[in-house]
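Topology and contacts: notes
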Amino acid sequence: MTESVSDNSSQLVSPVIRGLRLLRYIAQGGNTGNLSEVGRLIDVNRVTVMRLLATLEHEGMIERLPQGGHRIGLSFLTMAAAGLGACDLVETGRRFLLHLCEGLGLSAYLVIMDGNDVVYVAREMPESGLISHIRVGSRVAAHLTAPGRSMLASLAPGDLEQRFAKSMPAPIRDKDPADFTQLKALLEEDRTRGCAWSFSGYETGINACAAAVRGASGEAVAALSVVGPEHLFTRDEAFATNVETAVRQAAGELSLIAAGGLL
């Protein structure tokens, strides 16, 4: 069996790691005006920062700004577009699902909106298997699920009212919103928090956390959701915090790709 690079740190190329740290720093809006400060932030010395900047600039990965500093270069953007150009939302989303599934040990889903319903279009399962009845292709009323609520929370008030004010479905379970007023209050909490939680809601004994993936207009185009048995969350208070952080971060990163027109 061939040994992967990640399994043997001796195979890692340190200059490449430093270059990627610097590239990531610039991509995130970091200022390169103070080389010593940049070096401190990415853990390299000032001279190395200077050489890395020159190398990245030579290769077109970054470019100088007239007022000083650098920004991501056209060659880098072209390379990123080429890498993602053939990927649609589902294909790209699967990469994030795998990362969430492996990192949290929970089932992860990519969900899209269809009218007032959500459709589960992709999933990744941990080795422990699936504990949810939801499958790829499952269709559920959006307001009953965490991913559905995370997407509904992105709607303008008028759009939300048009969808539900006069045709709010009757609650099926005790935890379902009983009327439009309750739904609005719940979505406002989701909007403020940046994600939606379901605690033994849609499925008894199963918790779910979801965050919306937003396109260029700011409206949700999908949602990432993770689900797991309730006992995992109740026995470790920090676990829920870790789950929420991971889901929000993954949704934010996928949103940057979707909003950037790379899908």
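See the structure shown above.
These lines cover the structure that appears in this document, whether it is placed above or below. (Residues numbered from 1 in each chain as written. Predicted model: local features only at pLDDT ≥ 70, side-chain atom pairs only at ≥ 80, totals over all residues. Heavy atoms only, no water.)

This part is about the nonpolar core. Leu-100, Leu-106, Leu-110, Leu-224, Val-226, Phe-233 and Val-243 are the most contacted members of the largest nonpolar core, which has 31 residues in total. Secondary-structure elements contributing two or more residues to this core are helix H5 (89-104), strand E3 (107-114), strand E4 (117-124), strand E7 (206-214), strand E8 (220-229), helix H9 (230-234) and helix H10 (237-259). Counting residues per element, this core draws most heavily on H10, at nine residues. Core analysis: the second largest hydrophobic core is formed by 26 residues, Val-140, Ala-142, Ile-206 and Ala-223 among them. (Core = buried A, V, L, I, M, F, W, Y, C linked by side-chain atoms within 4.5 Å. Buried < 20%, exposed > 50% of the residue type's maximum accessible area, 1.4 Å probe, protein only. Helix = DSSP H or I, 4+ residues; strand = E, 2+ residues; numbered from the N terminus.)

Assignment of secondary structure puts Gly-69 in the loop between strand E1 (62-64) and strand E2 (70-72). Gly-69 sits in the buried class, given a relative accessible area of 16%. In sequence terms Gly-69 and Arg-123 are 54 residues apart; their C-alpha atoms lie 42 Å from each other. Residues within four places of Gly-69 in sequence aside, it is in contact with Thr-32, Glu-63 and Arg-64. (Contact = heavy atoms within 4.5 Å.)

The next subject is the pairing of E8. Of all 10 residues in E8, eight are buried; the element is thus mostly enclosed. Where E3 meets E8, five bridges bridge the pair, whose relative direction is antiparallel. Looking across to E8, one finds that Val-111 is bridged to Ala-223. Across nine bridges, E7 lies against E8 in antiparallel orientation. Across the sheet, residue Asn-207 finds its bridge partner in E8, namely Gly-228. Counting the residues that bridge the hairpin from E7 to E8 gives five residues, and of these Gly-218 lies at a positive phi of roughly 95°. (Pairing = 2+ DSSP bridges.)

This paragraph deals with the pattern of salt bridges. Summed over all chains, the structure comprises 10 salt bridges. Asp-190 is paired through a salt bridge with Arg-149; the nearest N and O atoms lie 2.9 Å apart. With Asp-190 in helix H8 (residues 180-193) and Arg-149 in helix H6 (residues 146-152), this pair connects stretches of sequence that are 41 residues apart. Residue class for Arg-149 comes out buried when judged on its relative accessible area of 7%. (Salt bridge = Lys/Arg side-chain N within 4 Å of Asp/Glu carboxyl O.)

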